[in-house]
Amino acid sequence: MPAIGAVRQVALSAGRDLDATLAFWCDVLGMSVHVRYDPPGIAFIMAGSVRLLFTDGIPAGTVYLDISGLEDFHAGAKAAGVPFTAAPTLVHRDTEGQFGPAGESEWMAFLKDPAGNTIGLVERLAPEEH
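Residues numbered from 1 in each chain as written. Predicted model: local features only at pLDDT ≥ 70, side-chain atom pairs only at ≥ 80, totals over all residues. Heavy atoms only, no water.

A. Representation of the pairing of strand β8 (residues 118–125). Among the eight residues in β8, seven count as buried, and that is most of the element. Looking at chain direction, strand β5 (residues 62–66) and β8 are connected through five bridges and run parallel. By the bridge assignment, Tyr64 is partnered in β8 with Gly120. Relative to β8, strand β7 (residues 104–112) runs antiparallel, the two being bridged by eight bridges. For Phe110, the partnering residue across the bridge sits in β8 and is Gly120. (Buried < 20%, exposed > 50% of the residue type's maximum accessible area, 1.4 Å probe, protein only. Helix = DSSP H or I, 4+ residues; strand = E, 2+ residues; numbered from the N terminus. Pairing = 2+ DSSP bridges.)

Spelled out as structure tokens, the structure:
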């Protein structure tokens, strides 16, 4: 049986307005469109080595992205009027090192793009950073 490797691609809804969804991901999250095909009206953004596919006809999804400086990003984006569904919150103290170095804390904040996709922003902080 073949071995399954890393995640290659995640499909997210583009909603009814691909331009608005892509503008959000570029303007708010600082990402860039890798390639766009019109027709059929699909686009890809690279999140590291993972392709994010934006297309219509699929329900809104959730994607978690690593971020450095979550508190600063949250403050700046909120001041710019970006609505968050959850402010930065401690979600896990990884005392055992199950998801990274032992002792780190995992913080998350959540927002939605215009298509209704949920974006979880994740920052791992060493014990001395929180």
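Picking up after the structure, the text goes on.
B. Representation of the nonpolar core in the model. Counting residues in hydrophobic clusters, the biggest one holds 25 residues, and the most contacted among them are Trp25, Leu29, Phe54, Leu65, Phe84, Ile119 and Leu121. Going through the elements one at a time, α1 (18–27), β3 (42–47), β4 (50–55), β5, α2 (70–79), β7 and β8 are the ones with two or more residues in this core. The element best represented in this core is α1, accounting for four residues. (Core = buried A, V, L, I, M, F, W, Y, C linked by side-chain atoms within 4.5 Å.)

C. Region of the structure containing the environment of Asn117. Assignment of secondary structure puts Asn117 in the loop between β7 and β8. Judged by its relative accessible area of 0%, Asn117 is buried. Sequence-distant contacts of Asn117, defined by excluding residues within four places in its chain, comprise Leu12, Ser13, Phe54, Ala60, Gly61, Leu111 and Lys112. One polar contact links the side chain of Asn117 to the main-chain carbonyl oxygen of Ser13, over a distance of 2.6 Å. (Contact = heavy atoms within 4.5 Å. Polar contact = N/O pair within 3.5 Å; in protein donor to acceptor, adjacent residues only side chain to side chain.)

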